[in-house]
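Secondary and tertiary structure notes
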Amino acid sequence: MAIAIRSKRDLACLEKSSIIVAKTLALVTENALPGISLYELDRIAEDYIISQSARPAFKGLYGFPNTTCLSLNSVIIHGIPSDYKLRNGDILGVDLGVECGGWFGDGAVTIGIGEISSKDEQLIACAKDVLYEAIDFCRSGMHFKELSLFLEQAITRRGFVPLQGFCGHGIGRKPHEEPEIPNYLESPNPKQGPKIKDGMVFCIEPMVCQSDGVPVILKDKWSVVAKDMQNGSHYEHTIAMIDGRARILTHN
């Protein structure tokens, strides 16, 4: 497994793309109000990214048709924007990538529309809190599998389960690079496999289900729901390992 080590110059380029991601997510969040359509939110994101002399990284990636993945309620990831207009009580996952100068950034949030249920509040808080706890947990020298185990335990400790079959990932000159970082431990020993090193850049992205993490892909061939068909949540940051610790690049 070849995991790239980035120079200070590379990190500055990656941070530039990642900041555009963060600002775009903030803009979409600000506009995600009852009555606005998912198409409109997608257009707002695309227009802003282009205004920053950057490119929407997801549009056309593996055939995906839009700038943003907008995942509504039970759709956890990879939702396709539509003419659906947001309603009070919805929850919406917003995931997007940016390419600027040949470098990529990636990030995601899940937001509540108006007043949401207490269960959905807990669900969203789980993904967000686990993400920041995992970032704080990261240290150079530890194994990536230790990070996966930490993510799994942090999610299940809150009474939820991780989505299976999808994962965080390396990022750099391509939107998805080595390594894959599942939100659960796939093998019995977390002290195996590649180690985290200074200069590595990767995305941590908890994907949280309520009771059953088995994924089901809907008829549009993109939208991923959990087998239990209940609401899910998703948060993501692009981070760089600097001086032994994880530094968030997708900062606003």
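Located above this text is the structure these notes cover.
Since the model is a prediction, treat every value here as computed from it, not as a measurement.

The rules behind the values
- Residues numbered from 1 in each chain as written.
- Predicted model: local features only at pLDDT ≥ 70, side-chain atom pairs only at ≥ 80, totals over all residues.
- Heavy atoms only, no water.
- Helix = DSSP H or I, 4+ residues; strand = E, 2+ residues; numbered from the N terminus.
- Expected span 1.5 Å × (residues − 1).
- Buried < 20%, exposed > 50% of the residue type's maximum accessible area, 1.4 Å probe, protein only.
- Pairing = 2+ DSSP bridges.
- Axes fitted to C-alpha atoms, helices over the stretch in contact; angles between N-to-C directions.
- Contact = heavy atoms within 4.5 Å.
- Core = buried A, V, L, I, M, F, W, Y, C linked by side-chain atoms within 4.5 Å.
- Salt bridge = Lys/Arg side-chain N within 4 Å of Asp/Glu carboxyl O.
- Left-handed = near helix turned anticlockwise from the far one by under 90°.
- Nonpolar A, V, L, I, M, F, W, Y, C, P; charged D, E, K, R; others polar.

Now for helix α2 (residues 38-51). Across its 14 residues, α2 extends 20 Å between first and last C-alpha, which sits within 8% of the 20 Å expected from 1.5 Å per residue. Within α2, burial applies to Leu38, Leu41, Asp42, Ile44, Ala45, Glu46, Tyr48 and Ile49.

This part is about the sheet that holds strand β15 (residues 245-248). A sheet is described by the order of its strands in space; here five strands give the open sequence β8-β7-β9-β14-β15, paired in antiparallel fashion. The open sheet has two edge strands with one neighbour each: β8 (177-182) and β15. The sheet shows a mean angle of 30 degrees between the axes of neighbouring strands, direction not considered. Contacts between helix α1 (residues 8-31) and the sheet are confined to β9 (201-204), β14 (237-242) and β15, with β14 contributing the most and set at about 160 degrees to the helix.

Our focus in this paragraph is α1. Taking 1.5 Å as the rise per residue, α1 with 24 residues should run 34 Å; its terminal C-alpha atoms sit 35 Å apart, in good agreement. Within the span of α1, buried status applies to Asp10, Leu11, Leu14, Glu15, Ser17, Ser18, Ile20, Val21, Ala22, Thr24, Leu25 and Val28. Looking at the buried residues of α1, the elements they touch are α2, β4 (91-100), β5 (103-112), β9, β14 and β15.

With 54 residues, the main nonpolar core has Leu41, Leu86, Leu92, Leu147, Phe202 and Ile204 as its most contacted residues. When residues no more than four places from it in sequence are discounted, the contact partners of Phe202 are Cys138, Phe144, Leu147, His169, Gly170, Ile171, Ile181, Ile196, His237, Thr238, Ile239 and Met241. Counting residues in each nonpolar core, the second largest holds 14 residues, with Leu11, Trp103, Val201 and Ala240 among its members.

Throughout the structure, instances matching the rule amount to eight salt bridges. Two residues, Glu177 and Arg6, come together in a salt bridge whose shortest N-O distance is 2.7 Å. Remark: Arg6 occurs in the segment before α1 and Glu177 occurs in strand β8; sequence separation between them is 171 residues. Under the relative-accessibility criterion, Arg6 is labelled buried at 14%. Where Glu99 meets Arg55, a salt bridge forms, and the shortest distance between an N and an O atom there is 3.0 Å. Remark: Arg55 occurs in strand β1 (residues 55-56) and Glu99 occurs in strand β4; sequence separation between them is 44 residues.

A few words on the packing of helix α3 (residues 118-137) against helix α4 (residues 144-157). Closest axis-to-axis distance for the α3/α4 pair is 10 Å, and the angle between their directions is 145 degrees. Crossing hand, α3 versus α4: right-handed. Residue-level inspection shows Cys126, Val130, Glu133, Ala134 and Phe137 of α3 in contact with α4, the latter providing Glu146, Leu147, Phe150, Leu151, Ala154, Ile155 and Arg157. Residue composition of the contact of α3 with α4, grouped by class: nine nonpolar, no polar and three charged.

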